[in-house]
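# Summary of structural features
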Amino acid sequence: MKTVAQTDQDAIVASLLVPMQQKNLLVPNVSIAEVVPRSELEQADNAPPWHLGHLHWRGERVPVISFEVANSQVRGQDVRDARIAVFNAVSNQAKSRFFGMLIQGIPRMVKLGDADVREDGQAAKAQAEKMAVITQLGKASIPDLEYLESLVARVN
């Protein structure tokens, strides 16, 4: 039960709409440490197709993945202003505290409450998605960050 001092603002979550090739991902703002320009990645031998290489970032060697390939989707041409979002690890599966994901632009900050997000029961989701949602800004997918980290643990 809410007290007089509590408001509906309690349920507001600062989030990011992250542009991907075919959809936007919706993640809490705290899950991304930084968005950096796309740069040359250190390539790994015999890497799975979703592993794009390693980024040297702030003294760390960060594995970078393609969400689309990890999600069994076709990876198309990257846009000119593609970037790498450096995610904070949420589990202890990976050896690194971070992993990178190739994104297709600059994430957009949004503040969403419970009433602003609803599940999209019509949308199909693949293994790297926890849920498809509809927000006041359109459709998005909530990624399964633990699943993505389990992939990263294989190449880290």
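Residues numbered from 1 in each chain as written. Predicted model: local features only at pLDDT ≥ 70, side-chain atom pairs only at ≥ 80, totals over all residues. Heavy atoms only, no water.

### Concerning the confidence of the model for the chain
The cut-off we apply is this: Each residue gets a pLDDT score, which is the predictor's confidence in that residue and runs from 0 to 100. Contact between two residues is taken to exist if any of their heavy atoms lie within 4.5 Å; hydrogens are not considered.
Scored by pLDDT, the chain has a mean of 88; 93% of the residues are at 70 or more. Overall, residues 1–7 carries pLDDT values under 50, and its contacts beyond four positions in sequence, including any with other chains, amount to 3 contacts.

### Notes on the packing of aromatic side chains
What counts is decided by this rule: In this analysis, rings of Phe, Tyr and Trp, with Trp reduced to its six-membered ring, are considered paired at centre separations within 6.5 Å, and the interplanar angle assigns stacked below 30 degrees, edge-to-face beyond 60, and tilted for intermediate values. By the criteria applied, helices consist of DSSP H or I runs no shorter than four residues and strands consist of E runs no shorter than two, each listed in order from the N terminus. Here's how the labels work: a residue is buried when its accessible area is under 20% of the maximum for its type, exposed when over 50%, partly exposed in between, all with a 1.4 Å probe on protein chains only.
Within the structure shown, the criterion is met by 2 aromatic pairs. With centroids separated by 4.9 Å and ring planes inclined at 75°, the aromatic side chains of W57 and F98 adopt a geometry described as edge-to-face. Of this pair, W57 sits in strand β4 (residues 51–57) while F98 is found in strand β7 (residues 98–103), placing the two residues 41 residues apart along the sequence. The exposure classification of W57 matches that of F98, with both residues buried.

### Details of the pattern of salt bridges
Here is the rule: Any Lys or Arg side-chain nitrogen found within 4 Å of a carboxyl oxygen on Asp or Glu counts as a salt bridge.
By the definition in use, this model includes 5 salt bridges. The partner of E34 in a salt bridge is R58, and the shortest N-O contact between them spans 2.8 Å. Placement of the pair is E34 in strand β3 (residues 32–37) and R58 in the loop between β4 and β5 (60–65), with a sequence separation of 24 residues. Here E34 falls in the partly exposed class, since its relative accessible area comes to 26%. Residue R58 is classed as exposed on the basis of its relative accessible area, which comes to 66%.

### Let's talk about the nonpolar core
Definition in use: Within this scheme, the nonpolar core is defined by two criteria: the residues are buried Ala, Val, Leu, Ile, Met, Phe, Trp, Tyr or Cys, and they are joined through side-chain atoms within 4.5 Å.
Core analysis: the largest hydrophobic core is formed by 21 residues, its most contacted members being V18, F87, F99, M101 and L148. Listing elements by their share of this core, those giving two or more residues are β1 (13–19), β2 (24–28), α1 (67–70), β6 (83–88), β7 and α2 (145–155). For this core, the element with the highest residue contribution is α2, accounting for 5 residues. Among the nonpolar cores identified, the runner-up in size contains 12 residues, and L52, V62, V64 and V86 belong to it.

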